[in-house]
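# Reading the structure
Now for the letters of each chain:
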Amino acid sequence: MNTLLHYDLLRLDAFQNNLSIRNHIAVEDFGELTLLKFSPINYFNYCIGKVNSLELLDYIKKFYSDIVENKHQILIDSGDYLSSEIIQQSPDYKLEGKISIMKLIPENFTGYPIIAEVDLVPVTEQNIKEFAWLYLSCFEAENRHEESVEENFRLKLNVKGLQFYFINFKNKPVGITGLYFHPNFTILSVGAILKEYRFLGIHKSALSWRIQKSEAINGSKPVFSWAYKDSISYENMVKTGMTVSEELLIYQHAR
């Protein structure tokens, strides 16, 4: 199982403890394909694996027919030419881009210097509401369901190995980020900065801080993250010594 899927299944499992949204979540395995659904949140509405028939495409569309927006994605390995050929036979999907699963062996870390004014402060039960609001502001969310976001983060705080942080600049919270410590690897999870504090090197400092924290906790275990191919996040990761371990094609449902 790739780390992207592992982490998203971990989060959906935590969300299942929220009774108000439990019925909106579904996870299903169909052959070599895993389908995830959290109907109100577009991010989670994707499937990943192999698509071996047009009939399976019909099944996928039916699976996602009840989501709030008629949008879902199929993620396949960039070397899976058979799945690509089958998906491209359908006018309902178009190739939108690539996701790079990035990997770092800590001894290969080159990184960025950490700005002295930047510090990462762990999130606790006491300040989770502030974190939820900051999360929404960093992503400039239009639909601010802050209560459900707060509850979902509160549930994730109880997941073993998962830690969230405020990114502070000059003692002011200006961003959010997280780490997931698995016994065999570490995941650099969410990361975002308020619009007015971007391009100051804060995000790069937080990236280096997390990688150093990973080595301190998990030693030489590999570090994983992901980004859209050739995005700013991707370029920042490459400069730390991370390399592409897997590349996924994104087929967007176009109707």
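Presented here is a report on the structure given in the accompanying data block. Each residue is numbered by its place in its chain's sequence as written, counting from 1. Reporting of local features is limited, given that this is a predicted model, to residues whose pLDDT is at least 70; pairs of side-chain atoms are given and counted only at 80 or more, and all residues count toward the totals for whole chains, interfaces and linings. Heavy atoms from the whole structure form the basis of all side-chain values; hydrogens and water molecules are not counted.

## Focus: the packing of aromatic side chains
We describe a pair of aromatic rings using the distance from one ring centre to the other and the angle between the two ring planes. The rule is short: rings of Phe, Tyr and Trp, with Trp giving its six-membered ring, pair when the centres are within 6.5 Å, and they are stacked under 30 degrees, edge-to-face over 60, tilted in between. Counted by the stated rule, this structure contains 18 aromatic pairs. Ring centres of Tyr-165 and Trp-209 lie 5.2 Å apart, and the angle between their planes is 70°; on these two criteria the pair is classed as edge-to-face. One end of the pair, Tyr-165, is in strand 7 (residues 162-169); the other, Trp-209, is in helix 6 (residues 202-218), with 44 residues separating them in the sequence. Partly exposed residues are those whose accessible area sits between 20% and 50% of the maximum for their type, while under 20% is buried and over 50% is exposed, using a 1.4 Å probe and protein chains only. Residue classification places Trp-209 among the buried residues on the basis of a relative accessible area of 19%. Note on Phe-185 and Phe-224: the rings are 5.9 Å apart at their centroids and 90° apart in plane angle, and the pair reads as edge-to-face. Of this pair, Phe-185 sits in strand 9 (residues 185-193) while Phe-224 sits in strand 10 (residues 223-228), placing them 39 residues apart in sequence. Joined through ring pairs, the aromatic side chains of Phe-131, Tyr-135, Phe-139, Phe-153, Phe-164 and Phe-166 make up one cluster. One Lys or Arg, Lys-37, reaches over the ring of Phe-63 and ends 4.5 Å from the middle of that ring. Counting from the N terminus, the helices are the DSSP runs of H or I reaching at least four residues and the strands are the DSSP runs of E reaching at least two. Charges are assigned to positions over rings by a cutoff of 6 Å between ring centre and Lys NZ or Arg CZ, combined with an angular limit of 35 degrees from the ring normal.

## Here we look at the side chain of Ser-208
For Ser-208, the position within the fold is in helix 6. Of note is the side chain of Ser-208, whose polar atom sits 2.8 Å from the backbone oxygen of Tyr-112. The contact partners of Ser-208, leaving out residues within four places of it in the chain, are Phe-109, Gly-111, Tyr-112 and Ile-114. Definition of a polar contact: a pair of N or O atoms within 3.5 Å, with one able to donate and the other able to accept a hydrogen when the atoms are protein atoms, and with sequence-neighbouring residues admitted only if both atoms are side-chain atoms. A contact between two residues is defined here by any heavy atoms of the two lying within 4.5 Å.

## Thoughts on the nonpolar core
Counting residues in each nonpolar core, the largest one holds 65 residues, and the members touching the most others are Leu-75, Phe-131, Phe-164 and Ile-202. Apart from residues lying up to four places away in sequence, Leu-75 is in contact with Leu-4, Tyr-46, Cys-47, Ile-48, Gly-49, Ile-99, Leu-248, Leu-249 and Ile-250. For this analysis, a nonpolar core means a set of buried residues of the types Ala, Val, Leu, Ile, Met, Phe, Trp, Tyr and Cys, connected via side-chain atoms within 4.5 Å. Judged by nonpolar contacts, the second largest core, of 17 residues, contains Cys-47, Ile-60, Phe-63 and Ile-86.

## Examining the pairing of strand 4 (residues 73-77)
Strand 4 sits mainly inside the fold: four of its five residues count as buried. With the strands pointing away from the viewer, any crossover whose connection runs clockwise from the first strand over the helix to the second is right-handed. Traced from strand 3 (residues 46-49) through helix 2 (residues 54-63) to strand 4, the parallel crossover comes out right-handed. Pairing of strand 4 with strand 11 (residues 243-253) involves five bridges; the strand directions are antiparallel. Within strand 11, the position partnered with Ile-76 by the bridge is Leu-249. Strand pairing is assigned whenever DSSP identifies at least 2 bridges connecting the two strands.

## With respect to helix 7 (residues 232-239)
Here helix 7 has its buried residues at Tyr-234, Asn-236 and Met-237. Summarising the axial view, the buried residues of helix 7 lie within an arc of 165°, below the 170-degree limit, and thus occupy one face. Those residues of helix 7 that are buried are in contact with strand 5 (93-104), helix 6, strand 10 and strand 11. One or two steps after helix 7, the chain reaches Gly-241, where phi turns positive at roughly 105°. By arc we mean the arc of the directions from the helix axis to the C-beta atoms, nothing more.

## Brief notes about helix 2
Taken residue by residue, helix 2 has Leu-56, Leu-57, Ile-60 and Phe-63 as its buried positions. Seen along its axis, helix 2 keeps its buried residues to an arc of 120°; they face one direction. For helix 2, the exposed residues set more than 90 degrees away from the buried face come down to Glu-55 and Lys-62. Elements that come into contact with the buried residues of helix 2 comprise strand 1 (25-30), strand 2 (33-38), strand 3, strand 4, helix 3 (81-87) and strand 5.

## Let's talk about the environment of Asp-92
Locating Asp-92 in the fold gives a position in the loop between helix 3 and strand 5. Once the C-alpha coordinates of Asp-92 and Leu-57 are considered, the two residues, 35 residues apart in sequence, prove to be 9.5 Å apart. A polar side-chain atom of Asp-92 sits 2.7 Å from a polar atom in the side chain of Lys-61.

## Describing the sheet that holds strand 2
By way of backbone hydrogen bonds, the strands of a sheet pair with one another, either parallel or antiparallel. Strand order in the open sheet made by the 11 strands is 1-2-3-4-11-5-10-9-8-7-6, with mixed pairing throughout. Two strands in the sheet have a free side with no partner beyond their single neighbour: strand 1 and strand 6 (118-122). Each strand axis lies, on average, 25° off the axis of its neighbour in the sheet, ignoring direction. For helices, the fitted axis covers only the stretch in contact; all axes are lines through C-alpha atoms, and the angles between them, taken along N-to-C directions, range from 0 to 180 degrees. In this fold helix 4 (residues 128-138) packs onto strand 7, strand 8 (172-182) and strand 9, with an angle of close to 100° to the strand it touches most, strand 8. Contacting strand 5, strand 10 and strand 11, helix 7 runs over the sheet at an angle of about 145° to strand 10.

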